[in-house]
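What follows is each chain in one-letter form.
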Amino acid sequence: MNTPDFLLRDALLRPGALPRMSAADISMVISQARTSRLLASLAARLEASGALALLPESARRHFRSALLVHHKQRRDLLHDCESIRAALASVDLRLVLLKGGAYLHTNLAVSQGRLITDIDIIVPREHIEDAESALNAYGWESSQLDSYNESYYRRWSHETPALVNPRRGTTLDLHHNILPPTAGPTIDADLLFDSVKEVKPATFTLSLQDMVIHSATHLFHEGEFYHGLRDLWDLHQMLQEFPQLDASFWDGLVARARQLELDAPLCHALRYTRLVFETPVPARVVEEATGWAARLRQPLMDFLFIRAFRPSHPGCRLPLTGLALNALYIRSHYLRMPLHLLLPHLVRKAWMRRKDDSATALENK
Amino acid sequence: MSLLRELPMSALTERLASGGVDLLIGPYVYRIRSNVAAIGQGLARLYADFTLAPNGSFVDFDVGLRQDTIAQKLRGQAQFLFDQQSPFDTVPVQQAYAFLEWGMNWCVSLHVNEYLKLHAAVVARKGAGIIMPGIPGAGKSTLCAALGLSGWRVLSDEHALITPGTIDLTPLSRPVSLKNESIQAIQAFDSGVILGPESRNTHKGTVAHMKADMAPHSHDINTVPAALMVFPRYSRDEPQELYHRYRSASFVLAAYHSFNYSVLGEDGFDAMQHLVSQVECFDLVYHDLDWAVAKMEELVG
């Protein structure tokens, strides 16, 4: 099955073709890239391929502006991570970065032009309280939640409520695992810690294989796909580059995912990066990753994800996209929680929202 | 190239509701989409002398103010669109025009970094550009409007766009936003003023925009060199005065008023230092517009 093309995809895969596009098409690419949070990533591709210099100034300035924001985020991140590293070191913990923060600490292809919204880190569960109070002492404040949300987080989530550095305006998510304990797979987080890599003194990221598996897990448990295409592009970049960095990358990737009970999201990642971005994945790896259950589900999953992995632009939305996004939203909830927990939670949240709404309505009167 | 005023109202309404109207505004092309009547009326009044971009132009900012769902129509709400997505909550349809103008500012505030951007009104007289930074409520827009009605050219009511390493100001001429008492003050200053739709009860009170491209060459796209930086402050209780401000203090204040000083990093620091070293800086405390306009005339000699 082939997905219909969209201009942003063509520009990402073949940046050299952008300068030959019409002015109207170039504006459409920029608009789709901005919507998908991929403008700076595309800009980095254009810069590396030399195509940026061939674009008219009217378009080039938008790419340059996006790159400036990316460079600023990189500077800020290094500064913030230094404070986080020091806080964790004060209680003898290591800084292990996840996702965007990890990418930006590397010179990996996935880091080029990657925009971030917050910093994600992981510490062993038994040290989560030490980590949180150390971070509080270094100026990272815990969010004030009402008692229901607070106890929900503490009991059922894989992260603490977000920490905020009010002086810097940065948000920090403190995880002890990469999925909530209520989700189907029970991931042994120690396995992740056992294979972390030091990217600079006292700063660690997951191993290359685990980075891919985590990125896939995050994306394919997600309920909202505003960043879906961006996250799939991350996976494409990783799957393209990592085999060059480590000749044994493909060997054992699927086995590692099985060990973590995360073979299902890896299987999705291998399929949709190939369908959308033509990512080269060895046939034996696809074969190994795709079990009979995955094959049965494939037509339905294709219907849903091919719609989710497109810019949310009226010009390139496929028919029934709304239905697919709703279905994925519901799917994400039952992936995260069994029904006996999910239903009371949703009822409670709906009730709290109703109360909030009527409270604001009263205030407005 | 044709002007917006050459489009009959029916054609303007039709185009706004379908593919959008592409306007040349300073260095950018805005595509504006809307199915709200006040938007067409406001644009026809305030943007009459703006040039329509040729078909197939590169579009910098695709914006809109639309009522798209039945629920929005029933509740009298409309939404601002950027890249055909809605980044903000809906707003009452009576405030649509003000929100379109704010949204158009937001595009530049957030997405443009080829210039050092200051939150400032920019005016010019005799080829000399004057940057007037100010926090909201400082009276920069009111003074800017009064100058626009006194033969000055208005380069922007919101953004000073400075090419880093130079003192060149890029014009981004748009209507001037007036709030609350400023609306009456400007009507009293010049009864011939052309105002757009009034948006009441917004988070900034009542807002109306003024047609500001009254001077000849208002839409000239060439840069204008900055000569002065004036920090205006409206105050009813203090004596009116104009006085020199130290450059070091001006640097800090101008950096505070910048949208992207920190995004530009070291280049932002250098750009700001170059600017402040080249322009003289003043504080202007005023409550009488005629007095303030006369003082500004003195400054440019």
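Residues numbered from 1 in each chain as written. Chains lettered and ligands numbered in written order. Predicted model: local features only at pLDDT ≥ 70, side-chain atom pairs only at ≥ 80, totals over all residues. Heavy atoms only, no water.

## Remarks on the overall build of chain B
On a plain count of helices and strands, chain B comes out with nine helices and 17 strands. A total of about 12,300 Å² of accessible surface is found on chain B, and carbon and sulfur atoms cover 52% of it. Charged side chains of chain B number 23 positive and 31 negative; the gap between the two group centres comes to 5 Å. (Helix = DSSP H or I, 4+ residues; strand = E, 2+ residues; numbered from the N terminus. Areas by Shrake-Rupley, 256 points an atom, 1.4 Å probe, with all protein chains shown as cover. Lys, Arg positive; Asp, Glu negative; His and termini not counted. Charge placed at Lys NZ, Arg CZ, Asp CG, Glu CD.)

## Quick word on a nonpolar patch on the surface
A cluster of nonpolar side chains, namely A:Tyr329, A:Ile330 and A:Tyr334, defines an oily patch on the protein surface of about 340 Å² accessible area. Topologically, A:Tyr329 is positioned in helix H15 (residues 321-336). (Patch = residues over 30% accessible without salt bridge, like charges linked within 9 Å, V, L, I, M, F, W, Y side chains within 5 Å. Salt bridge = Lys/Arg side-chain N within 4 Å of Asp/Glu carboxyl O.)

## Remarks on the packing of aromatic side chains
Following the criterion strictly, the structure yields 22 aromatic pairs over all chains and no others. When the ring of B:Tyr234 is compared with that of B:Tyr286, the centres are 5.7 Å apart and the planes differ by 80°; the resulting orientation is edge-to-face. Taken together, the residues B:Tyr234 in strand S15 (residues 224-234) and B:Tyr286 in strand S17 (residues 280-286) connect sequence positions 52 residues apart. By way of ring pairs, the aromatic residues A:Phe220, A:Phe225, A:Tyr272, A:Phe305 and A:Phe309 are connected into one cluster. Cation over ring: A:Arg94 sits above A:Phe204, and NZ or CZ is 4.8 Å from the ring centre. Of note, B:Arg245 hangs over the ring of B:Phe231, and the distance from its end group to the ring centre comes to 4.9 Å. (Phe/Tyr/Trp six-rings, centres within 6.5 Å; stacked < 30°, edge-to-face > 60°. Lys NZ or Arg CZ within 6 Å of the ring centre and 35° of its normal.)

## Looking at the state of the cysteines
All told, the structure shown has zero disulfides over all chains when counted by the stated rule. Counting only cysteine sulfurs, B:Cys107 is the nearest neighbor of A:Cys316, a cysteine outside any disulfide, at a range of 19 Å. (Disulfide = S-S within 2.5 Å.)

## Description of the confidence of the model for chain A
Detailed conclusions should not be drawn from predicted coordinates in areas where pLDDT is low. Of all residues in chain A, 93% have pLDDT values of 70 or greater, and the mean over the chain is 90. Confidence drops under a pLDDT of 50 for residues 360-365 of chain A, and excluding neighbours within four residues, the segment shows zero contacts in the predicted structure. (pLDDT = per-residue confidence, 0-100. Contact = heavy atoms within 4.5 Å.)

## Topic: the domain arrangement of chain B
Residues and elements named next belong to chain B. Domains assigned within chain B are domain 1 (4-111) and domain 2 (116-174 + 212-299). Domain 1 and domain 2 are separated by 27 Å when their C-alpha centres are compared. Counting from both sides, the interface comprises 15 residues of domain 1 and, opposite them, 13 residues of domain 2. At the junction of domain 1 and domain 2, the tally comes to one salt bridge. The closest approach of N and O atoms between Arg 174 and Glu 101, which form a salt bridge, is 2.7 Å. Run the count over domain 1 and domain 2 and you get seven residue pairs in polar contact (both at pLDDT 80 or more). (Domains from an automatic or database assignment. Polar contact = N/O pair within 3.5 Å; in protein donor to acceptor, adjacent residues only side chain to side chain.)

## A word on the sheet that holds strand S2 (residues 28-34) of chain B
Residues and elements named next belong to chain B. Pairing within the open sheet is mixed, and its six strands lie in the order S3-S1-S2-S4-S5-S6. At either margin of the open sheet sits one strand with a lone partner, and together these are strand S3 (51-52) and strand S6 (91-92). Two elements, strand S4 (residues 61-66) and strand S5 (residues 77-82), share four bridges in a ladder whose sense is antiparallel. Within the sheet, the bridge partner assigned to Val 63 lies in S5 and is Phe 82. (Pairing = 2+ DSSP bridges.)

## Quick look at the side chain of B:Arg153
Residues and elements named next belong to chain B. Note that Arg 153 resides in strand S9 (residues 153-156). The charged side chain of Arg 153 is buried without a salt bridge, its nearest counter-charge being Asp 220 at 4.8 Å. From its side chain, Arg 153 meets the backbone oxygen of His 217 in a polar contact 3.2 Å long. Those residues in contact with Arg 153, other than ones at most four positions away along the chain, are Val 122, Val 123, Ala 124, Pro 171, Ala 215, His 217, Ser 218, Asp 220 and Val 224. (Buried < 20%, exposed > 50% of the residue type's maximum accessible area, 1.4 Å probe, protein only.)

## Focus: helix H5 (residues 140-148) of chain B
Within H5(B), nine of the nine residues are buried, which leaves it mostly tucked inside the rest of the structure. Residues of H5(B) that are buried: B:Lys140, B:Ser141, B:Thr142, B:Leu143, B:Cys144, B:Ala145, B:Ala146, B:Leu147 and B:Gly148.

## Re the pairing of S17(B)
All names here are of chain B. Counting buried positions along S17 gives six out of seven residues, so the element sits mostly inside the fold. Sheet topology places strand S16 (residues 241-244) next to S17; four bridges connect them, and they run antiparallel. Each residue of the ladder has a partner; that of His 244, found in S17, is Phe 282.

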